[in-house]
Amino acid sequence: MGHWWYRNIVEPGKLPLLLALASFVLTFLVTRVITRLIRAGRGPFRNIASGGVHLHHVVPGVVLMVAGGFIALAGGRQGFGAGLAAVLFGIGVGLVLDEFALILHLDDVYWSEEGTKSVEIVILTIALVGLILAGFLPFGVNELSPAETQDRFQVVRTVAVNFLFAVIALVKGKGRLAVIGVFIPFVALFGAVRLARPNSPWARRFYRNRPKARARATVRAYRHDRRWSALRRRAEHVIGGFPSR
């Protein structure tokens with residue numbers, strides 16, 4: 001385990017990325033717990049206001065992201081400074097993305113249905129950063145044996161093919177399948193070969209003169225949403241809290 005850790009995390013310089021991801025996930029979870037307690041009126045936590053203005057936690061999040069970014073630029077990829085910058089940046093990203101919906105709508109939609117967009121973007125970010133962190137790429141690892149080089153490039157080829165399918169799935173309006181498909185072979189292929197969603201760039205380009213394909217895409221999207229949207233929203237509500245009615 002120690003050899004794997006050094007070869008795949010420490011030697012390629014991925015330790016700061018791991019620290020940033022861990023602090024990001026932990027910050028998001030702690031923030032959601034605290035905001036739920038504030039909402040329920042429990043515990044010692046209260047909203048912070050200055051001059052009658054509610055200070056959202058996206059504000060310190062931006063400050064920490066800026067501080068972590070500049071510290072990272074001033075230092076290298078190794079040592080205490082790199083670790084500190086990664087932790088500060090990860091905490092800042094956790095605070096900012098927890099209120100992504102507020103930034104998107106320019107309104108306090110934290111406890112509304114629109115606020116679940118923050119949970120979606122956090123899950124997608126964790127998935128993408130996890131992909132980068134877990135990628136067994138040969139770059140940054142010294143003195144690879146021929147067998148290690150072959151194994152790693154096979155992984156690179158597999159990821160590249162999956163990424164191509166993921167891009168097609170994304171253009172077809174299937175973002176979640178695209179992200180999952182980068183990790184799991186053939187999931188993105190499943191999204192790439194099926195009909196595009198009716199409002200996707202693919203449908204606007206290729207179904208413009210195909211009314212039957214547009215109609216089939218609309219019906220299939222409706223059936224899919226009716227079957228899975230409620231379950232997806234419930235999972236998001238469990239993670240981020242149920243919206244106010």
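Scroll up to find the structure.
The paragraphs below set out a description of the structure included in this document. (Residues numbered from 1 in each chain as written. Predicted model: local features only at pLDDT ≥ 70, side-chain atom pairs only at ≥ 80, totals over all residues. Heavy atoms only, no water.)

Focus on the packing of helix H2 (residues 15-40) against helix H11 (residues 211-240)
Our working definition: Axes here mean lines fitted to C-alpha atoms, for a helix over just the part in contact, with angles spanning 0 to 180 degrees between N-to-C directions. Helix and strand definitions here come from DSSP, where helices need a minimum of 4 consecutive H or I residues and strands a minimum of 2 consecutive E residues; each element is numbered from the N-terminal end. Comment on the angle field: the value is read as roughly parallel under 35 degrees, roughly antiparallel over 145, roughly perpendicular from 65 to 115, and oblique elsewhere. Contact criterion: two residues are considered in contact whenever any of their non-hydrogen atoms come within 4.5 Å of each other. Here the nonpolar group is Ala, Val, Leu, Ile, Met, Phe, Trp, Tyr, Cys and Pro; Asp, Glu, Lys and Arg are the charged ones; every other residue, Gly included, is treated as polar.
Running from amino to carboxyl end, H2 crosses H11 at an angle of 80°, the nearest separation of the two axes being 9 Å. On the basis of their axis angle, the class for H2 and H11 is roughly perpendicular. Residue-level inspection shows Phe 28, Arg 32 and Arg 36 of H2 in contact with H11, the latter providing His 237, Val 238, Ile 239 and Gly 240. Considered class by class, the residues forming the contact of H2 with H11 number three nonpolar, two polar and two charged.

Observations regarding the side chain of Ser 200
Heads up, the rule is: Polar contacts, as used here, are pairs of N or O atoms within 3.5 Å; protein pairs need one atom able to donate a hydrogen and one able to accept it. Residues neighboring in sequence count only if both atoms are side-chain atoms.
Here Ser 200 is to be found in the loop between helix H9 (187-193) and helix H10 (201-206). A polar side-chain atom of Ser 200 sits 3.5 Å from the main-chain carbonyl oxygen of Lys 172. Those residues in contact with Ser 200 that lie beyond four places of it in its chain are Val 171, Lys 172 and Gly 173.

Section: the packing of aromatic side chains
As a reminder of what qualifies: Ring pairs are drawn from Phe, Tyr and Trp, using the six-membered ring of Trp, whenever the two centres fall within 6.5 Å, and their geometry is named by plane angle: stacked under 30 degrees, edge-to-face over 60, tilted for the rest. For every residue, the accessible area obtained with a 1.4 Å probe (protein chains only) is divided by the maximum for its type, and the residue is called buried under 20%, exposed over 50%, and partly exposed between those limits.
For the structure on display, the rule yields two aromatic pairs. Here Tyr 110 and Trp 111 contribute two aromatic rings whose centre-to-centre distance is 4.9 Å and whose plane-to-plane angle is 85°, an arrangement assigned as edge-to-face. The pair formed by Tyr 110 and Trp 111 is uniform in burial state, with each residue classed as buried. Centre to centre, the rings of Trp 202 and Phe 206 are 4.6 Å apart; their planes meet at 45°, and the pair counts as tilted.

Regarding a positive patch on the surface
Under the convention used in this document: Here a patch means residues that are over 30% exposed by relative accessible area and free of salt bridges, tied together within 9 Å if like-charged and within 5 Å if nonpolar (Val, Leu, Ile, Met, Phe, Trp, Tyr). Under the convention used here, a 1.4 Å probe and the Shrake-Rupley method define accessible areas, while residue burial counts only the protein chains that appear. Salt bridges are defined as contacts in which a side-chain nitrogen from Lys or Arg sits within 4 Å of a carboxyl oxygen from Asp or Glu. Under this rule, positive means Lys or Arg and negative means Asp or Glu; His and the chain ends count for nothing. Every charge is mapped to an atom, namely NZ of Lys, CZ of Arg, CG of Asp or CD of Glu.
Together, Arg 210, Arg 216, Arg 220, Arg 223, Arg 226 and Arg 227 make up a region of like positive charge exposed at the surface. Structurally, the position occupied by Arg 226 is in helix H11. On the basis of relative accessible area, Arg 226 is assigned to the exposed category, the value being 60%.

So, H11
Selection rule: To get the bend at a residue, fit one axis to the 7 residues ending there and another to the 7 starting there, then take the angle between the axes.
Of all the bends in H11, the greatest, near 40°, is centred on Trp 228. Of all the residues in H11, the buried ones are Ala 213, Ala 217, Ala 221, Ser 229, Glu 236, His 237 and Gly 240.

Section: the environment of Leu 102
Structurally, Leu 102 can be placed in helix H5 (residues 100-105). Exposure remark for Leu 102: the relative accessible area of 17% places this residue in the buried category. Spatially, the C-alpha atom of Leu 102 lies 7.3 Å from that of Gly 115, the residues being 13 residues apart in sequence.

Thoughts on the nonpolar core
Put simply, the test is: To form a nonpolar core, buried Ala, Val, Leu, Ile, Met, Phe, Trp, Tyr and Cys residues must be joined to one another through side-chain atoms within 4.5 Å.
In terms of nonpolar packing, the biggest core is built from nine residues, these being Ile 9, Leu 21, Phe 24, Phe 28, Val 93, Leu 97, Val 122, Val 129 and Leu 133. Counting residues per element, the ones that place at least two in this core are H2, helix H4 (79-98) and helix H6 (116-134). Apart from the residues within four sequence positions on either side, Phe 28 is in contact with Asp 98, Val 122 and Ile 239. Judged by nonpolar contacts, the second largest core, of six residues, contains Leu 195, Ala 203, Tyr 207 and Ala 217.

Focus: the packing of helix H3 (residues 58-74) against H4
Put simply, the test is: For a crossing to be left-handed, the near helix must be turned anticlockwise from the far one by less than a right angle; the clockwise case is right-handed.
Following both chains from N to C, one finds H3 and H4 inclined at 155°, their axes separated by 7 Å at the closest point. For the element pair H3 / H4, the angle class is roughly antiparallel. Regarding H3 and H4, the two cross each other, and that crossing is left-handed. Contacts between H3 and H4 involve Val 58, Pro 60, Gly 61, Val 62, Leu 64, Met 65, Gly 68, Gly 69, Ile 71 and Ala 72 from the first element and Gly 81, Ala 85, Leu 88, Phe 89, Ile 91, Gly 92, Val 93, Leu 95 and Val 96 from the second. Partitioning the contact of H3 with H4 into residue classes produces 14 nonpolar, five polar and no charged.

Looking at a nonpolar patch on the surface
There is a patch of nonpolar side chains on the surface, built from Val 62, Val 66, Phe 70 and Leu 73 and spanning about 430 Å² of accessible area. Positionally, Val 66 belongs in helix H3. Classification of Val 66 as partly exposed rests on a relative accessible area of 43%.

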